[in-house]
Amino acid sequence: MTKFGRVLVTGGAGFIGSHLSRRLLEEGCEVIVFDNLLTGSMNNISELLGHPRFSFEHYDVTNYLHVDGALDAILHFASPASPKDFERLPIQILKVGSLGTHKALGLAKAKGARFLLASTSECYGDPDVSPQPETYWGNVNPVGIRGVYDEAKRFAEAMTMAYHRHHGVETRIVRIFNTFGPRMQIDDGRAIPNFFAQAIRGEDVTVYGDGSQTRSINYVSNLVEGLWRLLGSDHPTPVNIGSEAEISMLELAKKIIDLVGSSSKIVYGELPPDDPKVRRPDTTIARTVLGWEPEISPTEGLERTRDYFVEALSKA
Ligand code: UDP
């Protein structure tokens with residue numbers, strides 16, 4: 001029996017939040033999801049809606065939060081997270097990272113609940129050390145277009161640590177590196193959905209810059225395993241969860257074209273401002289403290305994701 005009997009997931013109708021909510025149900029938790037559906041979708045949680053231990057509230061967590069009864073944990077996953085959203089929803093991103101985190105921490109304090117913050121590798125900005133250990137403070141442009149997300153999450157980490165130090169709230173912080181899998185929105189503008197959609201439709205595949213910039217891509221079930229382990233751990237400071245398998249965007253585009261069996265051509269576009277040149281986690285803490293290892297390889301994950309996108313596009 002889990003000690004996290006009743007949990008709140010903010011952003012539980014999003015890509016990662018919905019996979020996490022499902023896992024929490026499997027672990028025996030009662031799961032309450034709050035989501036304003038700005039980038040989340042009811043489709044992501046349709047299979048959870050009938051579950052006797054699942055409930056959903058259409059709610060914007062930048063407002064006062066109220067939950068009747070006890071809560072054992074709050075997992076704060078609400079936030080738009082795609083670079084396209086950084087231009088489209090900058091104020092909402094800043095608000096959910098600041099006001100939303102404050103409200104969720106206030107609720108955790110009131111309920112004596114453990115608090116897990118979904119933070120991000122974006123805290124490292126365009127890093128000048130690689131791989132990035134949790135001790136690296138980052139290289140972020142606060143006034144750039146990406147700054148709205150990076151600084152919101154950095155603020156959220158600072159607020160989380162303040163509640164930990166000042167109020168004794170039990171906190172966990174995960175820095176999530178590029179994660180992919182089924183239920184990503186096909187049009188969210190990120191590299192993996194774009195490349196799959198373009199390859200499946202036989203359109204040109206758009207690589208930004210010369211494609212030499214790298215990311216380390218992690219399949220979503222690996223992340224969820226790490227989240228569950230982190231929640232149950234006693235590690236209050238940030239932990240990187242991500243794959244160490246670094247790949248350039250050009251290689252990734254070619255790999256996806258191959259996996260789809262597409263005849264798409266690669267075309268080059270302008271590199272967005274402040275686009276990180278490298279990104280790769282140092283996962284020593286996840287491995288040693290959580291005993292975490294990614295189980296699904298990037299290739300196997302990409303195959304599963306291809307099947308999801310093929311099906312999603314056939315219905316679109
Ligand atoms: N990218 C690309 N083509 C696309 C979308 C993205 O080459 O159609 C690049 C983007 O410039 C970045 C990388 O792929 O260098 C990963 O972008 P993504 O939006 O997936 O996430 P990020 O890691 O930048 O937050």
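Residues numbered from 1 in each chain as written. Predicted model: local features only at pLDDT ≥ 70, side-chain atom pairs only at ≥ 80, totals over all residues. Heavy atoms only, no water.

This part covers the overall build of the chain. Within the chain, the regular secondary structure consists of nine helices and 13 strands. Here the C-alpha radius of gyration of the chain, 19 Å, is about what a compact globule of 316 residues would show, namely 20 Å. Taking the principal axes of the C-alpha coordinates as reference, the chain spans close to 55 × 45 × 35 Å. For the chain, buried positions account for 52% of its 316 residues. At a minimum sequence separation of 6, the contacts of the chain that also span at least 24 residues come to 80%. About 13,500 Å² of surface is accessible on the chain, with carbon and sulfur atoms providing 51% of the total. Each charge class in the chain can be summarised by its mean position, and for the 33 positive and 40 negative side chains these summaries are 3 Å apart. (Helix = DSSP H or I, 4+ residues; strand = E, 2+ residues; numbered from the N terminus. Rg over C-alpha atoms; globule rule 2.2 N^0.38 Å. Buried < 20%, exposed > 50% of the residue type's maximum accessible area, 1.4 Å probe, protein only. Contact = heavy atoms within 4.5 Å. Areas by Shrake-Rupley, 256 points an atom, 1.4 Å probe, with all protein chains shown as cover. Lys, Arg positive; Asp, Glu negative; His and termini not counted. Charge placed at Lys NZ, Arg CZ, Asp CG, Glu CD.)

Let us look at the packing of aromatic side chains. Here the structure, examined in full by the defined rule, presents eight aromatic pairs. Between Phe 34 and Tyr 59, the aromatic rings sit 5.5 Å apart at their centres with planes inclined by 55 degrees, giving tilted as the arrangement. Of the two residues, Phe 34 is situated in strand E2 (residues 30-35) and Tyr 59 in the loop between strand E3 (54-58) and strand E4 (73-76); the sequence distance between them amounts to 25 residues. In textbook terms, an aromatic cluster arises when at least three aromatic residues are bridged by ring pairs, as seen for Tyr 124, Tyr 136 and Phe 177. (Phe/Tyr/Trp six-rings, centres within 6.5 Å; stacked < 30°, edge-to-face > 60°.)

We now examine the packing of helix H5 (residues 191-201) against helix H7 (residues 249-260). Geometry of a packed helix pair, given as the angle between the helix axes and the separation of the axes. Interaxial distance between H5 and H7 falls to 9 Å at its minimum, and their mutual angle equals 40 degrees. One way to sum up the angle between H5 and H7 is to call them oblique. When you trace H5 past H7, the crossing you get is right-handed. On H7, the residues touching Ala 191, Ile 192, Phe 195, Phe 196, Ala 199 and Ile 200 of H5 are Met 249, Leu 252, Ala 253, Ile 256, Ile 257 and Val 260. Taken together, the residues of the contact of H5 with H7 sort by class into twelve nonpolar, no polar and no charged. (Axes fitted to C-alpha atoms, helices over the stretch in contact; angles between N-to-C directions. Parallel < 35°, antiparallel > 145°, perpendicular 65-115°, else oblique. Left-handed = near helix turned anticlockwise from the far one by under 90°. Nonpolar A, V, L, I, M, F, W, Y, C, P; charged D, E, K, R; others polar.)

Turning to the environment of Phe 155, a few remarks are in order. Among the structural elements, Phe 155 can be located in helix H4 (residues 147-167). In this structure Phe 155 comes out as partly exposed when scored by relative accessible area, which is 38%. Along the sequence, Phe 155 and Gly 97 sit 58 residues apart, while their C-alpha atoms lie 7.1 Å from each other. Those residues in contact with Phe 155, other than ones at most four positions away along the chain, are Gly 97 and Ser 98.

Moving on: the site of the ligand. Thr 206, Tyr 208, Arg 215, Asp 275 and Arg 279 are the nearest of the 18 residues found near the ligand. At a separation of 2.9 Å, an oxygen atom of the ligand approaches a polar backbone atom of Ala 191. The side chain of Asp 275 places a nitrogen or oxygen atom 2.6 Å from an oxygen atom of the ligand. A total of 510 Å² of accessible area belongs to the ligand in isolation, and the protein chains cover 95% of it. Of all the elements in the fold, those that place two or more residues in the shell around the ligand are H5 and strand E8 (205-208). Split by residue class, the shell around the ligand holds seven nonpolar, five polar and six charged. (Near = heavy atom within 4 Å. Polar contact = N/O pair within 3.5 Å; in protein donor to acceptor, adjacent residues only side chain to side chain.)

A few words on unusual backbone geometry. Note that the residue after Ser 130, namely Pro 131, is joined by a cis bond; omega there is -5 degrees. Tracing the backbone shows Pro 131 in the loop between strand E5 (114-120) and H4. Backbone geometry places Leu 37, a non-glycine residue, at a positive phi of 60 degrees. Here Leu 37 shows up in the loop between E2 and E3. Positive phi is not limited to glycine here, since Arg 183 has a value of about 80 degrees. Within the secondary structure layout, Arg 183 lies in the loop between strand E7 (179-180) and H5.

It is worth spelling out the pattern of salt bridges at this point. Under the counting rule described, the total for this entry stands at 23 salt bridges. Between Glu 170 and Arg 172 there is a salt bridge, and its shortest N-O distance comes to 3.4 Å. Relative accessible area serves as the criterion here: at 39%, Glu 170 is assigned to the partly exposed category. The buried category is assigned to Arg 172, whose relative accessible area is 4%. Connected via shared salt-bridge partners are Arg 22, Glu 26, Glu 47 and Arg 183. (Salt bridge = Lys/Arg side-chain N within 4 Å of Asp/Glu carboxyl O.)

Glancing now at the side chain of Gln 198. Examined against the element boundaries, Gln 198 turns out to sit in helix H5. Filtering out sequence-adjacent residues up to four positions away, Gln 198 remains in contact with Glu 203, Asp 204, Val 205, Thr 206 and Ser 264.

To continue, consider the sheet that holds E2. Judged by pairing direction, the sheet is parallel, and its seven strands sit side by side in the order E3-E2-E1-E4-E5-E6-E11 without closing on themselves. With partners counted over all chains shown, the strands left at the sheet margins are E3 and strand E11 (239-241), one partner each. In this sheet, neighbouring strand axes are inclined to one another by 20 degrees on average, regardless of whether the strands run parallel or antiparallel. Relative to strand E6 (residues 171-176), E5 runs parallel, the two sharing six bridges. Within E6, the position partnered with Ala 118 by the bridge is Val 174. (Pairing = 2+ DSSP bridges.)

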